Amino acid sequence: MAEPLVLRTAVGKHDHVKPLKDGRVRSSRVTLEFQKFDPLPKAFRTMVRGGELDLSEMAIVTHLLAHHYGKPITGLAVPLWSRLPHTNLVCPVGAKIDGPRDLENTKVGVRAYAQTSGVWVRGVLQHEYGVDLNSITWVTMEDAHLSEYDDPAIAVRNQSEMALRPLMLAGELSAIMGEREVDPAGIRSIIPDAERAAKDWIAATGIVPINHVLTVKTSLTQEHPWLAGELMELFDEARRVAEANGAAPPPPYGLEGTRRSLQLAFAYSAEQQITPRVYDVDELFHSI
């Protein structure tokens, strides 16, 4: 029997992948050699810049940009992490902001303009609450994972040494994304009853906002045509084992189950000047 293919792998600490990490789920054809990255987005940058990874969790907008700039990675429709965008936008408790439209003509902070969470939040602000995104100055802390990418003119880099939350509490920003700890931390959600609003949006649209999926080196899927299917089976079996042990189920695996969510995020990305056109999911993902 041939030796298993060894893949240098980076994925987060998700319950639905633990059975792969602890050996409860294995393959005779593939060995996943897990690498540690803390924080996990360092793995995204390593993968898209050609570092020593074969298989990696990846933010979907980073994967979109990787495709745009011709990076040799392929997506696998295995949703590893999702987030409720409505809950991911906060302001100080005493701020004179009654709703999302009050953010217009102000400064809002986000770690990076092309961050997937930010794309989802801005899409919801525009389409559900009528916010003019171009009236807002988006203050960022760092660049995208793709060195070729430049932010649009509505995004500016923070020039102070303060982090986003202190900047907001000092009155320099009206709101920030990425902070979920509300009262008693002195901050509150901008969207009223944000968690309920997010769940209502999911129920109405049938779309779970996906943030992270799997990516694999394209050369490996070309050299080993069976690999994508084997990986899908491995992660699917790990999910079933985790769910049987009480883990919360992630969104459905497979391209058809994730297509609408991914396609909407790609549409938002084009609207927000991250990509010059709306890319089709089939251009970026293996057809399984």
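Residues numbered from 1 in each chain as written. Predicted model: local features only at pLDDT ≥ 70, side-chain atom pairs only at ≥ 80, totals over all residues. Heavy atoms only, no water.

The protein is annotated in an unreviewed UniProt entry as Phosphate ABC transporter substrate-binding protein of Sinorhizobium psoraleae.

**Remarks on the environment of Asn211**
Structurally, Asn211 can be placed in strand β11 (residues 210–217). Classification of Asn211 by relative accessible area gives buried; the value is 2%. In this structure the C-alpha to C-alpha distance between Asn211 and Leu231, which are 20 residues apart in sequence, comes to 19 Å. Those residues in contact with Asn211, other than ones at most four positions away along the chain, are Met58, Ala59, Ile60, Trp81, Ser82, Arg83, Thr116, Ser117 and Trp120. At 3.0 Å, the side chain of Asn211 and the side chain of Ser117 are in polar contact. (Helix = DSSP H or I, 4+ residues; strand = E, 2+ residues; numbered from the N terminus. Buried < 20%, exposed > 50% of the residue type's maximum accessible area, 1.4 Å probe, protein only. Contact = heavy atoms within 4.5 Å. Polar contact = N/O pair within 3.5 Å; in protein donor to acceptor, adjacent residues only side chain to side chain.)

**Some words on helix α4 (residues 116–129)**
Here α4 spans 19 Å end to end across 14 residues, near enough to the 20 Å set by a 1.5 Å rise per residue. Listing the buried residues of α4 in full gives Thr116, Ser117, Gly118, Val119, Trp120, Val121, Arg122, Gly123, Val124 and Leu125. Gly130 occupies a position one or two residues after α4 and carries a positive phi of about 70°. (Expected span 1.5 Å × (residues − 1).)

**Some words on the packing of aromatic side chains**
For the coordinates displayed, the defined rule picks out 2 aromatic pairs. Ring geometry for Trp120 and Trp201: centres 6.4 Å apart, planes at 75°, overall edge-to-face. Here Trp120 is found in helix α4, whereas its partner Trp201 is found in helix α6 (residues 194–205), with 81 residues between them in sequence. Their ring planes at 85° and their centres at 5.8 Å tell us that Trp120 and Tyr268 sit as a pair that is edge-to-face. In this pair, Trp120 sits in helix α4 while Tyr268 sits in helix α9 (residues 255–271), placing the two residues 148 residues apart along the sequence. Tyr268 sits in the buried class, given a relative accessible area of 4%. The rings of Trp120, Trp201 and Tyr268 are connected pair by pair, giving a single aromatic cluster. Here the guanidinium or amino end of Lys21 rests over the ring plane of Phe34, the centre of that ring lying 5.8 Å away. When the ring centre of Trp138 is taken as reference, the NZ or CZ atom of Arg122 above it lies at 5.3 Å. (Phe/Tyr/Trp six-rings, centres within 6.5 Å; stacked < 30°, edge-to-face > 60°. Lys NZ or Arg CZ within 6 Å of the ring centre and 35° of its normal.)

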